[in-house]
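So you can see what is in the structure, the chains are spelled out below.
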Amino acid sequence: MFEAEQQLITQRIMAYCSQQGLPVPVLQWTWIPFSGQWGISTSFFQIAADEARREGKKVNIPVRAQEIAQTIALFLGTPAGFERIEAVRGYLNLYFSTAEYTRRVIDTVLDQKEAFGRAHRRNERVMVEFSQPNTHKAFHVGHLRSAILGDVLCRILDSAGYDVVRTNYPGDIGLHVIKWLWNYMNYHKGERPEKDITHWMGDIYAEASRRLEENPEREAEVRALYARWDRRDPEVVSMWQETRQWSLDGFNAMYDLLDIHFDRYYFNSMVEHPGKEVVDELISKGIAIDGRPDEPVIVKIDELLGLKQEKYRVLVVLRSDNTALYATEDLALAKLKFNDYPDLVKSLYVVDVRQSLHFQQVFKTLEIAGYTWADRCQHIPYELVNLPGNVVMASREGTVVLLEDLIREATQRALEVVEQKNPELSSEQKLAIARAVGIGSIKYPMLSRDNTKTVTFDWQAALDFNGQASPYIQYAYVRAGSILRKAGNAVPGSRLPEFPLSPVEIELIDTISRVPNEILRAAEDYRPLNLANLAYDLARVFNDFYNQCPVLQADEPVRAVRLRLVAAARFTIGNVLGLLGITAPQAM
RNA sequence: GCCCCUGUAGCGCAAUGGACAGAGCACCUGCCUUCUAAGCAGAUGGUUGUGGGUUCGAAUCCCACCAGGGGCGCCA
């Protein structure tokens, strides 16, 4: 928020250095550590080191850096907008003139409100594919990470100024679907899901797996059914369409609960045949080697690239019996996306880390085939959600926590707390709060650790609403709203705080002012974690403020400034929660 | 055999190459007649897996090793 001042000072320092014959620095500004004061900081170690190297002298770098910092502090005096300047241990610290900057930060937030933190539009389109659930199967907590991560990535990219296409890619065909249909036709014909659709669909699939495991000889029936599907037997196709829709309805109900939405659906079944066309193209271009009917169609990527060490290895693009693989379909899907949106600057795939090699192979193959957009495809890998003891969630093993069960439990637990704390609210209000808290508690742990780290799910931790968790942040938001309500929701007009601010007030304003940059950083690195941390920092600092600085009881002009600060903090926390896909409730 | 990820407090995690590695959970001691205690204050807790290197400066970058997880021709 202070780029203009920063740039001005950078220029003055650079001019001074070149005038004095010092190496011209590339200055990197950071905030000053050790809270309680507020400003920007840069160091001069690099200049001192460059100078020593240039002159071939052996000097004590920290001492020389401090000398330079001191001379520059003297040269700068106290620049406009700053209260104090100091040279400390090789660092130059510039402290903001608190009153002026406080007013600026608060005014900016209250002026922009819900838009605070959002960057200007870039007119650049990004596609994010995420979630990719399999129809005819259960949706468990392990599937949740892609959905939550992808959704939040979309929110962050949107806020950073990109036009985002939210894309889902359900696995609506494949052996799992045929197995399901086989079981349904033989044992459940005519049944329809009543409630908990996804749960019910998952049960029928699990039952199918069990039956086939107990009676392996019946696999032949499944193969026969797959053949009927391949012939597009009308009875099979219509049953597939109907049952597939049940799954999609079930997913939509869950996406609604989770506040996750899509602009565009690509289905696995859509790219089966186009995939085979891409394979033909690869063969005719001499990229793929056709070993059919005894061997599959393969692309020897390392060989094509002339790599000595194996890196991309060999990609199988079509089975020897002409049936499609994931790779077949992903080749076509990538093409389809750029066909539909030729202006994509990025085509992102939020898929678990085990498929890293697969995506590298697919993207590299497309590049070799001459598709210039191939380098705009990028896999965003994330680690799995496991159960304690490093147990992988797998429907077959029965080691799953179903999303529906988790949502129900978390909401129920939150409802108990609301009942106790706010018995006077209507049951609708209570349920809405319980939903917000319960869903937030499910989402936050998936966002507050790095994408590359495994999340271990356990019920106790998932239902613990204390500490660094979503309810803590939501509660800070509610408290801020509560103060404003008691003040009659009347936020005073802009003013300069002409009295000393307390350290917690300064820290709160400081943290608020960092939001716009943190959003850009999160978007650049595809890392929601930055914002999950920032949301918590905001809440923690606000709670400090809440406990130390009375607002309603304060005398003017302190009261007016604090009311404005509370309003600004509330918008900021609400906005960051929004980026995390977490609802900010009005009461708790 | 080749490649990727992870290793930080008892536990699970955080930390733009920068100043003193930080919060949470658990444990202990306090704080509700005061803007909601889903909160706050205080106490305990560290050779950042090991050994080298680069750098003025390394948890962070490079190399080697150790430990755990994952991926490597017709699974998805």
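Before any of the text, the structure's been laid out above.
Everything quoted here is computed from the prediction, not taken from an experiment.

S.K.: Explain the protein's contact with RNA strand B to me, please; I cannot follow it from the model alone.
M.R.: Of all residues adjacent to RNA strand B, which total 68 residues, the nearest are R319, K421, K453, Y475 and Y546. Close to the protein, within 4 Å, the atoms of RNA strand B belong to sugar or phosphate groups at a rate of 60%. D544 is positioned with one of its side-chain polar atoms (N or O) 3.1 Å from a phosphate oxygen of RNA strand B. Between a base oxygen of RNA strand B and a main-chain N or O atom of L552, the distance comes to 3.2 Å. Only strand 2 (39–43), helix 2 (45–55), strand 4 (91–96), strand 10 (314–318), helix 13 (356–368), helix 14 (403–421), helix 17 (470–486) and helix 20 (529–548) provide two or more residues apiece to the surface near RNA strand B. When grouped by side-chain class, the residues that make up the surface near RNA strand B number 31 nonpolar, 20 polar and 17 charged.

S.K.: When you look at helix 21 (residues 558–579) in this model, what are you seeing that I'm missing?
M.R.: Residues three or four positions apart in an α-helix share a direction because the helix packs 3.6 residues into each turn. Given a rise of 1.5 Å per residue, 22 residues ought to cover 32 Å, and the 31 Å separating the end C-alpha atoms of helix 21 matches this to within 8%. In terms of burial, helix 21 is largely enclosed, as 19 of its 22 residues are buried. At the exit of helix 21 stands G581, carrying a positive phi of roughly 70 degrees.

S.K.: Please explain the nonpolar core as it appears in this structure.
M.R.: Most often, soluble globular proteins have nonpolar side chains that are buried together. Formed by 124 residues in total, the largest nonpolar core has its most connected members in I13 and F44. No other element matches the 12 residues that helix 21 contributes to this core. When near neighbours in sequence (up to four residues on either side) are disregarded, F44 contacts I13, L27, A65, I68, A69, I72, G90 and L92. Counting residues in each nonpolar core, the second largest holds 36 residues, with V165, A288, F363 and C377 among its members.

S.K.: Just to check I follow, could you spell out the side chain of T10 for this structure?
M.R.: Examined against the element boundaries, T10 turns out to sit in helix 1 (residues 3–20). Residue classification places T10 among the buried positions, given a relative accessible area of 16%. What T10 contacts, discounting residues up to four positions off in sequence, is L27 and W29.

S.K.: Looking at this structure, I do not really get the pairing of strand 11 (residues 344–352). What am I missing?
M.R.: Consecutive residues of a regular strand have side chains that alternate between opposite faces of the sheet. Within strand 11, 7 of the 9 residues are buried, leaving the element largely enclosed by the surrounding structure. Relative to strand 11, strand 5 (residues 125–129) runs parallel, the two sharing 5 bridges. Among the inter-strand pairings, V126 is bridged to a residue of strand 11, identified as K346. Pairing geometry for strand 11 and strand 12 (residues 377–382), over 6 bridges, is parallel.

S.K.: Can you help me understand the packing of aromatic side chains in this one?
M.R.: For any pair of aromatic rings, the description rests on two quantities: the centre-to-centre distance and the angle between the ring planes. If you walk through the whole model with that rule in mind, you get 31 aromatic pairs. Ring geometry for F139 versus Y255: centroids 6.4 Å apart, planes at 85 degrees, classification edge-to-face. Taken together, the residues F139 in the loop between strand 5 and helix 5 (141–159) and Y255 in helix 9 (residues 234–258) connect sequence positions 116 residues apart. For F139, a relative accessible area of 2% gives the class buried. With relative accessibility at 2%, the residue Y255 sits in the buried group. Here a set of aromatic residues connected by ring pairs shows up, and it is made of F130, F139, F251, Y255, F262, Y265 and F267. Directly above the ring of Y187 sits R211, whose terminal nitrogen or CZ lies 3.5 Å from the centroid. Against the face of W229 rests R232, its NZ or CZ located 4.1 Å from the ring centre.

S.K.: What exactly am I supposed to notice about the pattern of salt bridges here?
M.R.: Opposite charge on two side chains makes pairing possible when the charged atoms of those side chains draw close. Scanning the entire structure with this criterion turns up 38 salt bridges. Linking K285 and E281 is a salt bridge whose minimum nitrogen-to-oxygen distance equals 3.0 Å. Residue K285 is classed as partly exposed on the basis of its relative accessible area, which comes to 43%. For E281, a relative accessible area of 18% gives the class buried.

S.K.: Looking at this structure, I do not really get the packing of helix 18 (residues 503–513) against helix 20. What am I missing?
M.R.: The relative placement of two packed helices comes down to the angle between their axes together with the axis-to-axis distance. Between helix 18 and helix 20, the least distance of the axes is 9 Å, while the angle of their chain directions is 155 degrees. Taken together, the axes of helix 18 and helix 20 are roughly antiparallel relative to one another. The handedness of the crossing between helix 18 and helix 20 comes out as left-handed. Side by side, helix 18 and helix 20 meet where V504, E505, E507, L508, T511 and I512 of the first sit next to L534, D537, L538, V541, F542, D544, F545 and Q548 of the second.

S.K.: Looking at this structure, how should I read helix 10 (residues 272–284)?
M.R.: With 13 residues, helix 10 should cover 18 Å at 1.5 Å per step; its first-to-last C-alpha distance of 19 Å lies within 8% of that length. Residues of helix 10 that are buried include every one of E272, G275, V278, V279, E281 and L282, and no others. Buried residues along helix 10 cover an arc of 165 degrees about the axis, so they all sit on one side. What points out from helix 10, more than 90 degrees from its buried face, is the exposed set E277 and S284. Downstream of helix 10 by a residue or two, G286 has a phi angle that is positive, lying close to 80 degrees.

What counts, and at which threshold
Residues numbered from 1 in each chain as written. Chains lettered and ligands numbered in written order. Predicted model: local features only at pLDDT ≥ 70, side-chain atom pairs only at ≥ 80, totals over all residues. Heavy atoms only, no water. Near = heavy atom within 4 Å. Polar contact = N/O pair within 3.5 Å; in protein donor to acceptor, adjacent residues only side chain to side chain. Helix = DSSP H or I, 4+ residues; strand = E, 2+ residues; numbered from the N terminus. Nonpolar A, V, L, I, M, F, W, Y, C, P; charged D, E, K, R; others polar. Expected span 1.5 Å × (residues − 1). Buried < 20%, exposed > 50% of the residue type's maximum accessible area, 1.4 Å probe, protein only. Core = buried A, V, L, I, M, F, W, Y, C linked by side-chain atoms within 4.5 Å. Contact = heavy atoms within 4.5 Å. Pairing = 2+ DSSP bridges. Phe/Tyr/Trp six-rings, centres within 6.5 Å; stacked < 30°, edge-to-face > 60°. Lys NZ or Arg CZ within 6 Å of the ring centre and 35° of its normal. Salt bridge = Lys/Arg side-chain N within 4 Å of Asp/Glu carboxyl O. Axes fitted to C-alpha atoms, helices over the stretch in contact; angles between N-to-C directions. Parallel < 35°, antiparallel > 145°, perpendicular 65-115°, else oblique. Left-handed = near helix turned anticlockwise from the far one by under 90°. Arc of directions from axis to C-beta.

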